[in-house]
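# Structural features, examined
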Amino acid sequence: MKLYSSHFHPPTSPRAGAPPVLVKEGVSWRCLVLGWLGLLVTGAWMPALLVGAISLPVLALARHLPGGPAGHWGVLLGVNVLVAFFANDLRRWDLRLRGFTVGPLVAGRDAGAALLRLLDHRPELLGGGP
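First, a word on what this report is: a plain description of the structure on this page. (Residues numbered from 1 in each chain as written. Predicted model: local features only at pLDDT ≥ 70, side-chain atom pairs only at ≥ 80, totals over all residues. Heavy atoms only, no water.)

### Some words on the side chain of Arg 91
Using the following cut-off: The way it works is that DSSP assigns letters per residue, a run of H or I at least four long becomes a helix, a run of E at least two long becomes a strand, and they are numbered from the N terminus. Whether a residue is buried, partly exposed or exposed follows from its accessible area with a 1.4 Å probe, protein chains only, as a fraction of its type maximum: under 20%, in between, or over 50%, in that order. Charge assignment: positive for Lys and Arg, negative for Asp and Glu; neither His nor the chain ends contribute. By salt bridge we mean one thing: a side-chain nitrogen of Lys or Arg within 4 Å of a carboxyl oxygen of Asp or Glu. Two residues form a contact once any of their heavy atoms are found within 4.5 Å.
Structurally, Arg 91 can be placed in helix H4 (residues 69–97). Nearest to the buried, unbridged Arg 91 among oppositely charged side chains is Asp 94, at 6.9 Å. The residues contacting Arg 91, other than those within four sequence positions of it, are Val 21, Leu 22, Val 23, Thr 42 and Ala 44.

This is the structure in structure tokens:
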């Protein structure tokens, strides 16, 4: 079972009654491989641009480390590991900046099962009855 945090669309949004956005807890494997570009894939534009603006100069400075290309690849791996560990937190931060409200944690085999479990216990979230 995996844990997901739920985030609901702002009331003023045209998608106010849409299902919540679920963000998985844990390491983002996509960001481990792609680095800050993995944040772009998930739609977290502001954190992706901020992390990219920080990591590109760090990687440029790493070229001058002793050890040649091995030092540069080590710094790149370190940056990707940091981004992977904090990617889901950055995505949640981006959702809060866009006005989403934080809902309960929900568990499920995958995001679809977690969404079904959330809506089963709280049908009023989609305008259903009590």
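Now, onward.
### Observations concerning a nonpolar patch on the surface
Note the following rule: Only residues whose relative accessible area exceeds 30% and that form no salt bridge enter a patch; like-charged residues are grouped when within 9 Å of one another, and nonpolar side chains (Val, Leu, Ile, Met, Phe, Trp, Tyr) when within 5 Å. Where accessible areas are quoted, they stem from the Shrake-Rupley method and a 1.4 Å probe; at the residue level, only the protein chains shown are allowed to cover.
Side chains of Val 33, Leu 34, Leu 37 and Val 41 sit close together on the surface and give an oily, nonpolar patch of about 370 Å² of accessible area. At the level of secondary structure, the elements contributing two or more residues to the nonpolar patch comprise helix H1 (29–34) and helix H2 (37–42). As for its position among the elements, Leu 34 is in helix H1.

### Some remarks on H4
So the rule is basically this: Bend at a given residue is defined as the angle between two axes, one fitted to the seven residues that end at that position and one fitted to the seven that begin there.
Along H4, the largest kink reaches about 50 degrees and is centred on Phe 86. Once H4 ends, the next one or two residues include Gly 99, with phi positive near 95 degrees.

### Focus on the pattern of salt bridges
Tallied over the entire structure, the rule returns 3 salt bridges. Across the salt bridge formed by Arg 92 and Glu 25, the nearest N and O atoms sit 3.2 Å from each other. Residue Arg 92 is located in helix H4, and its partner Glu 25 is located in the loop between strand S2 (21–24) and H1; the two are separated by 67 residues in the primary sequence. For Glu 25, a relative accessible area of 32% corresponds to the partly exposed category.

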